[in-house]
Amino acid sequence: MEATVKEKYMLRAIELSNISVEKGGGPFGAVVVCNGEIIAEAHNQVTLTNDPTAHAEVVAIRAAAQKLGTFDLSHCEVYTSCEPCPMCLGAMYWARIQCFYFGNTKLDADSIGFSDAFIYDELSKSFAERKMPAYPLMRDVAFEVFEKWKNKEDKTEY
């Protein structure tokens, strides 16, 4: 049985996840598809580059945005070997990705030691209850720049 077009994109994401494992990285791969063509692809590079944000989806989104010369990827789809973590999901929303397809689930990831549950738990807590302390500081001064942005007439909104 021949794979559908969507399955071929997913198979490439899975192949990238395998390449990552072989190189010593985490088992994650992603491709960005625009108008029926893979325009960017990546595998997890966290341990390979010592960059905690170098998840496959984020790296692929960065490459797609650079290639297309825009931060608006609303005409693109993402195929990822695993259900995205909160950071990657956030990146996909900020990039306005049209939709995404995933192979493994977050529960599958949890079963091999890649759990996002602690992040979801932390987000539901107040700042004072979180494991990473956060303290408001100089909001009045920082807000002046927000006011400047709000009143700027030639801004590029995103």
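In case you missed it, the structure is sitting above this.
Residues numbered from 1 in each chain as written. Predicted model: local features only at pLDDT ≥ 70, side-chain atom pairs only at ≥ 80, totals over all residues. Heavy atoms only, no water.

Taking 1.5 Å per residue as the helical rise, helix α1 (residues 5–23) with its 19 residues ought to reach 27 Å, and the 27 Å between its terminal C-alpha atoms agrees with that figure. Every buried residue of α1 is listed here: Tyr-9, Met-10, Ala-13, Leu-16, Ser-17 and Ser-20. End-on, the buried residues of α1 take up no more than an arc of 110 degrees, which puts them together on one face. Set apart from the buried face of α1 by more than 90 degrees, the exposed residues are Val-5 and Glu-22. Buried-residue contacts for α1 involve β1 (29–34), β2 (37–43), β3 (76–82) and β4 (99–104). (Helix = DSSP H or I, 4+ residues; strand = E, 2+ residues; numbered from the N terminus. Expected span 1.5 Å × (residues − 1). Buried < 20%, exposed > 50% of the residue type's maximum accessible area, 1.4 Å probe, protein only. Arc of directions from axis to C-beta. Contact = heavy atoms within 4.5 Å.)

Moving on: the environment of Leu-48. Mapped onto the elements, Leu-48 comes out in helix α2 (residues 46–49). Judged by its relative accessible area of 38%, Leu-48 is partly exposed. Separated by 24 residues in the primary sequence, Leu-48 and Gly-24 have C-alpha atoms spaced 7.2 Å apart. Filtering out sequence-adjacent residues up to four positions away, Leu-48 remains in contact with Lys-23, Gly-24, Gly-25 and His-43.

This brings us to the sheet that holds β1. A sheet is described by the order of its strands in space; here 4 strands give the open sequence β2-β1-β3-β4, paired in mixed fashion. Either end of the sheet is taken by a strand with one partner, and the two such strands are β2 and β4. For this sheet, the mean angle separating the axes of adjacent strands, direction not counted, is 15 degrees. Pairing of β1 with β3, which is carried by 5 bridges, proceeds in the antiparallel orientation. Note on β3: the bridge partner recorded for Val-32 is Val-78. (Pairing = 2+ DSSP bridges. Axes fitted to C-alpha atoms, helices over the stretch in contact; angles between N-to-C directions.)

Another point: the packing of aromatic side chains. Summed over the entire model, instances satisfying the criterion amount to 6 aromatic pairs. Between the aromatic rings of Tyr-79 and Tyr-101, the centroid separation amounts to 4.7 Å while the plane-to-plane angle is 15 degrees, which identifies the pairing as stacked. Taken together, the positions of Tyr-79 in strand β3 and Tyr-101 in strand β4 put the pair 22 residues apart, joining distant regions of the chain. Ring geometry for Phe-143 and Phe-146: centres 5.9 Å apart, planes at 55 degrees, overall tilted. With Phe-143 and Phe-146 both in helix α7 (residues 139–151) and 3 residues apart, the pair spans about one turn of that helix. We classify Phe-143 as partly exposed; its relative accessible area is 36%. An aromatic cluster of at least three residues, connected via ring pairs, comprises Tyr-9, Tyr-79 and Tyr-101. Taking NZ or CZ as reference, Lys-106 lies 4.9 Å from the ring centre of Tyr-120, over its face. Seen from the ring of Phe-143, Arg-139 lies directly overhead, with NZ or CZ sitting 5.2 Å from the centre. (Phe/Tyr/Trp six-rings, centres within 6.5 Å; stacked < 30°, edge-to-face > 60°. Lys NZ or Arg CZ within 6 Å of the ring centre and 35° of its normal.)

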